[in-house]
Amino acid sequence: MYSIMTKNLEEFIRKSISAIVCLLLLLSWIQIGSPMASSVAFAEDIPSLSGVPTNLMAKPRNSQADLTWNPPVEGYPVIAYGLYRSTDPAGAYSKIADVMDTKYRDFGLDNGTRYYYKVTSVSVGGESAPSADAAVVPMAPLDAPTGLTAISGDGRATIRWNPVAGAESYNVKRSTDNGQNYETVVSGVTDLQYTDSTVSNGTRYYYVVSAASPTTASANSASVQVVPAPSGAPGIPEGVQAVAGDAQVILTWREVSGAVSYTVKRGAFGSGQYETIATGIPGTSYQDAEVPAGPPAWEAEAEAAGNTLAGGASIVACSACSGGNKVVNVGNNSGTLQFNGVNTGTTGTQSMTIYYLNGDSTARTALLSVNGGAATSVSFPSTGNTVDTITVNVSLNAGSNTIKFYTNAAGVWAPDFDKISAGGSTGIVNGVTYDYVISAVNALGESYHSEPIAVTPADVLVVANDGTGDFTTIQAAINAIPANNTKRTVIYIRNGVYREQIVVPANKPYVSLVGESATGTILVYNLNVNSKKPDGTPYSTLETVTAVVQGKDFSAENMTIQNDSGQGTGQALAGFLSGDRGVYKNVRFLGFQDTIYIERRQYFKDCYIEGDVDYIYGPATAFFENNELHNNRLNGGYITAASTPETTTYGYVFVNSKITSNPGVKNVYFGRPWRPYAAVTFIDTMIDSSIAPYGWNNWGDSTKEKTARYFEYNSRGPGANPKARAGWSKQLTPEEASQYTVQNVMKGTDN
C-alpha cells in the first residue's frame, strides 16, 4: 500500500511540474502578444537574448510579401518567431504574426508601398533582439507583350512586339523546345524589336518576350517561331490548321508575304521525315486525299532498265490516255508485267487505281502478286476500246515494293494496261496519325517548313435522330466500334436533342464525337442522386452522369453535354471524364452541382462550363485555355473542388479564361479543397463581381490551408482583388507564372 501511495504521489508531482511549465509557456505567449499587438520601437524595451534569427529575406508578390529566415545560429530551443512590420525603417514596428515556421506570407498589402520587416525568436526565457530588417515593395505585374512576329535572316532572327503599358524595357528569351527551357538572350531592351545574331541557319527557335519596369515585370508572352535562312526565301507559313475526314485531310494556313506558291509535305507522326505530296499550290489550302505512294505514272517505271516486260509485251503510244501516257500492250501473248520500286511511306492496305484498255467483248482476268506473295485474281470488264479503271486494295510495305500482273492458269490473257496510280485513300489510312508541314516558295527559293501539325483521318459514323444517318442514337454508334480498337473513329452528330446516357468504355480508345454545332447538338439527361430507381433505391453519383468517358485519347468538339435535373437536386453530373489525354474543344458543359468530374489529363479549349457548387472537381491535371466559367447560384457557390494528389505538380490551370455569372450572383469562391493538396491556378483571368473578395474556401477545415495550393496571377475585371485574397493563397510572380505552359502542365506518364 505504501509503495502504491508513493508512486501515486510521484506521479502527482510530475504532472504538477508539467502543468507549471505549461503555465509559464502560456504566460510567455501572453507577453508576446497577438498579431494585433501594439507597436514597439525595438530599442532597450525588449530584453536582448541570444538567438537572433538571421538572413531575413522578403520577396514581393501582388499585394503580398513572402518572408523567409534562418533559425538562430546558436541553435538554442526556439518555440516561436515574432514577425514585425513597418513602413518606416526607423519607425515603430507592429507585430503581425507569431510563427512556428521559418517562413511566412504577409498579405493584404498595398502595392507600391515599401514595407520593412524584422523577426525575433522566442524561447521559454523570453524574446530575442530583432534581426536585421528586410524591405520589399509589392507590385501588380505588367501585362505580357503581345503581337510577336519573327523575321528570319542569314544567321539571325528579328523579333518584334507591341508595347506594354508601364514597361521601360523588355527581355528576350529563346528555346529550341516550344513552351519549355527558355533562356534569356538579352535583357533591358528599350526598343520594340531585337535582332538575335547568335543563331544557326536551319535550326527552329521559339522566342518569348517579357516586359519589365524598375519595380515589377510580366510573365512571358506567347511564343513565336523562326528558322534563320541564308537566302531571301519567303517566311515560314503560320497558322496551319487541319480538318480530318474519312480518308482525307484538309489543310489551311495564313498567306505568306512574297510567296508565289506553297509546298505540302507529309510524314509519319513524330518521325521528323517528310515526303513532298504537292507543289505549286497557289492558294492557302490543300485537300490531301491521295498518297505519295510511288511515281505518278508507273508505266515509266516499267520502261526503266531492270524492269521486266516478258512474253512479248510491248509499250505503245496511247492517244486516248490522259497526259499522253503509254499502254503496256500484253495483247494475246502470255506474259508478265512487273513494276519495281513502288514506294510508300507507311505499311498498310493501299487503294490502287488501275487504268486499263480492254476492247474485247469478254471480260478478262489477271493474277496480281505483291512482293512475291500469294496471287489474287483481278477482273477487267470489257471497255470497247476505251480507257477505264478498276480499284483494288493491296497490302504494301513501307519503302520499295514490287507489283506483278500475269495471266492465269486457264490461259485467259491479261488485258492491256495504261498505268497504275495512287487513288482514293491510298497512303492515307484511316486511324493513322500523320504529320504535315507547309513551306512557301518564290523566285528566291523555298522557306523552311512550318512546325508539324498532327492529323488523324478516320472512319466516320453519322448519328442523326431523324433517321438520315447511320444511327439514331450516339450510344448505338459507340457500340458499333469494336472493342480494343487501335485506330480513331469519328462519330459525327447532326443537330438535334439526344436524350440519352452514353458510355465510352475503357476498352474503346481513339473515339471522337463531333457535333454539327455547339448549341444545336445537345446530349442531355436528367438523373441526380435523389432520383429513384424502379426499386426505390437512389442513384449513385456515377449513375447520374449524362456522358461517361473512360477510353483514352477521346475528343469532343462542337456540342453540348448537359444534365438538366435542375438546381438544388444534389449531385447531377453532365460528364465523368476519366480517360487519359482527353481533348474538349468548343464544348458546352451545363449543370448545377458537380457538372464535370475529371481524372488523369484533360485539355479544354474554347469551352463553356456552367454550374453552382463544385462544378469542376476531381484529381485531374487539366489545362483550361480560353474557357468561360459561368456561375448560376445566387449566393455562395464554388467553381472547383480539386482532389489533386500531393505528388501532382499543377492540378487545374485556367489560362486566358473568364468568369461570368447570372444577374445577382455573389459570394462565389474559386474553389475549396476536396482533398488536402488541391491545386488550382488562375492566370490572366477576367473576373466579374460574383467572386467573393476572399477568393478561396477551406471547406471548414483550417488544416487544409497549410497544404492546398491555390494560386492566382494577373487577374482582371471587377472581381480581381488580390489585396483581399486569403492569406493562404498565393499570387504568383511573373517568373512562376511563365512556367504554366501547356507543354509543362500536360507532360507526364501515359495511362
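The notes below deal with the structure included here.

Quick look at the overall build of the chain
The helix and strand inventory of the chain stands at five helices and 57 strands. In the chain, which comprises 751 residues, the share counted as buried stands at 49%. Residue pairs at least 24 apart in sequence account for 67% of intrachain contacts in the chain once pairs closer than 6 positions are excluded. By element, 51% of the accessible surface of the chain is carried by carbon and sulfur atoms, the whole surface being about 33,000 Å².

With respect to empty space enclosed by the protein
All told, the structure shown has one cavity of 30 Å³ or more when counted by the stated rule. What lines the largest cavity is simply S152, V227, A229, A233, P234, G235, I236, E446, S447 and Y448. In terms of residue class, the lining of the largest cavity is made up of six nonpolar, three polar and one charged.

A word on the side chain of R725
The residue R725 is located in the loop between strand 56 (709-713) and strand 57 (730-731) in this model. Side chain to side chain, R725 and E712 meet in a polar contact 2.8 Å long. When sequence neighbours within four positions are dropped, the list of residues in contact with R725 reads F107, F670, I687, I691, A692, P693, Y694, G695, E712, G719, A720 and Q731.

Some points on the layout of surface pockets
Empty space among the atoms becomes apparent when a probe as large as a water molecule is rolled across them. Computed from the structure, the second largest pocket encloses a volume of approximately 910 Å³. Around the second largest pocket, the lining comprises 29 residues; the ones closest to its centre are K103, Y104, R105, E705 and W728. The set of elements that each furnish at least two residues to the lining of the second largest pocket consists of strand 2 (54-61), strand 3 (64-70), strand 5 (93-99), strand 6 (103-107) and strand 56. Among the residues making up the lining of the second largest pocket, the classes are represented as 14 nonpolar, five polar and ten charged.

Quick look at the packing of aromatic side chains
In total, this model carries 23 aromatic pairs according to the counting rule given. With a centroid separation of 5.2 Å and an interplanar angle of 15 degrees, the aromatic rings of Y584 and F604 are classed as stacked. With Y584 in strand 43 (residues 582-590) and F604 in strand 45 (residues 601-605), the pair connects residues that are 20 residues apart, well separated along the chain. Judged by relative accessible area, Y584 falls into the buried class, the value being 1%. Ring geometry for F670 against W696: centres 5.0 Å apart, planes inclined by 45 degrees, an arrangement best described as tilted. Here F670 is found in strand 53 (residues 669-671), whereas its partner W696 is found in the loop between strand 55 (686-687) and strand 56, with 26 residues between them in sequence. Each member of the pair, F670 together with W696, is buried. Looking at R266, its charged tip hangs above the ring of Y434, at a distance of 5.4 Å from the centre.

Considering the sheet that holds strand 6
Backbone hydrogen bonds hold the strands of a sheet together, and the pairing may be parallel or antiparallel. Taken together, the three strands give an open sheet; going across it, the order is 2-3-6, and neighbouring strands pair in antiparallel fashion. Edge positions in the sheet fall to strand 2 and strand 6, since each of these pairs with one other strand and no more. Sheet twist, expressed as the average angle between the axes of neighbouring strands with direction ignored, equals 20 degrees. The sheet contact formed by strand 2 and strand 3 spans six bridges and is antiparallel. Each residue of the ladder has a partner; that of T54, found in strand 3, is N70.

Brief notes about the sheet that holds strand 11 (residues 156-160)
As summarised here, the arrangement of the three strands in space is 10-11-14, forming an open sheet in which the pairing is antiparallel. Bordering the open sheet on either side are strand 10 (149-153) and strand 14 (193-196), each of which pairs with just one other strand. In this sheet, neighbouring strand axes are inclined to one another by 15 degrees on average, regardless of whether the strands run parallel or antiparallel. The pairing of strand 11 with strand 14 spans four bridges and is classified as antiparallel. In the strand pairing of strand 14, I159 is matched with Y194.

Remarks on the pairing of strand 4 (residues 80-86)
A large share of strand 4 lies buried, amounting to six of its seven residues. Of the pairings in the sheet, the one linking strand 4 to strand 7 (residues 115-123) comprises seven bridges and is antiparallel in character. When the sheet's bridge partners are listed, A80 is paired in strand 7 with V122. Both strand 4 and strand 5 contribute to a ladder of five bridges, which runs antiparallel. Directly across from G82, in strand 5, lies its bridge partner D98. The turn joining strand 4 and strand 5, which pair antiparallel and follow one another in sequence, is formed by six residues.

Observations concerning the environment of I403
By secondary structure assignment, the location of I403 is in strand 29 (residues 399-406). Taking the relative accessible area as the measure of exposure, I403 reaches 2% and is therefore buried. Between the alpha carbons of I403 and N371 there is a distance of 6.4 Å; along the sequence they are 32 residues apart.

Considering the pattern of salt bridges
Within this structure, the stated rule accounts for 20 salt bridges. Here R105 ties to D66 by a salt bridge, and the two come within 2.8 Å at their closest N and O atoms. Here the residue R105 occupies a position in strand 6, and D66 occupies one in strand 3, the gap between them amounting to 39 residues. Via salt bridges that share partners, K59, R61, D66, R105 and E736 belong to a single interconnected network.

Thresholds, definitions, all that
Residues numbered from 1 in each chain as written. Predicted model: local features only at pLDDT ≥ 70, side-chain atom pairs only at ≥ 80, totals over all residues. Heavy atoms only, no water. Helix = DSSP H or I, 4+ residues; strand = E, 2+ residues; numbered from the N terminus. Buried < 20%, exposed > 50% of the residue type's maximum accessible area, 1.4 Å probe, protein only. Contact = heavy atoms within 4.5 Å. Areas by Shrake-Rupley, 256 points an atom, 1.4 Å probe, with all protein chains shown as cover. 1 Å grid on protein atoms, 1.4 Å probe; cavity = no way out; pocket = protein on both sides within 12 Å on 5 of 7 lines; lining within 4 Å. Points joined across faces, edges and corners; volume = space filled by probe spheres on them. Nonpolar A, V, L, I, M, F, W, Y, C, P; charged D, E, K, R; others polar. Polar contact = N/O pair within 3.5 Å; in protein donor to acceptor, adjacent residues only side chain to side chain. Phe/Tyr/Trp six-rings, centres within 6.5 Å; stacked < 30°, edge-to-face > 60°. Lys NZ or Arg CZ within 6 Å of the ring centre and 35° of its normal. Pairing = 2+ DSSP bridges. Axes fitted to C-alpha atoms, helices over the stretch in contact; angles between N-to-C directions. Salt bridge = Lys/Arg side-chain N within 4 Å of Asp/Glu carboxyl O.

By themselves, these are just geometric observations and shouldn't be taken as functional.
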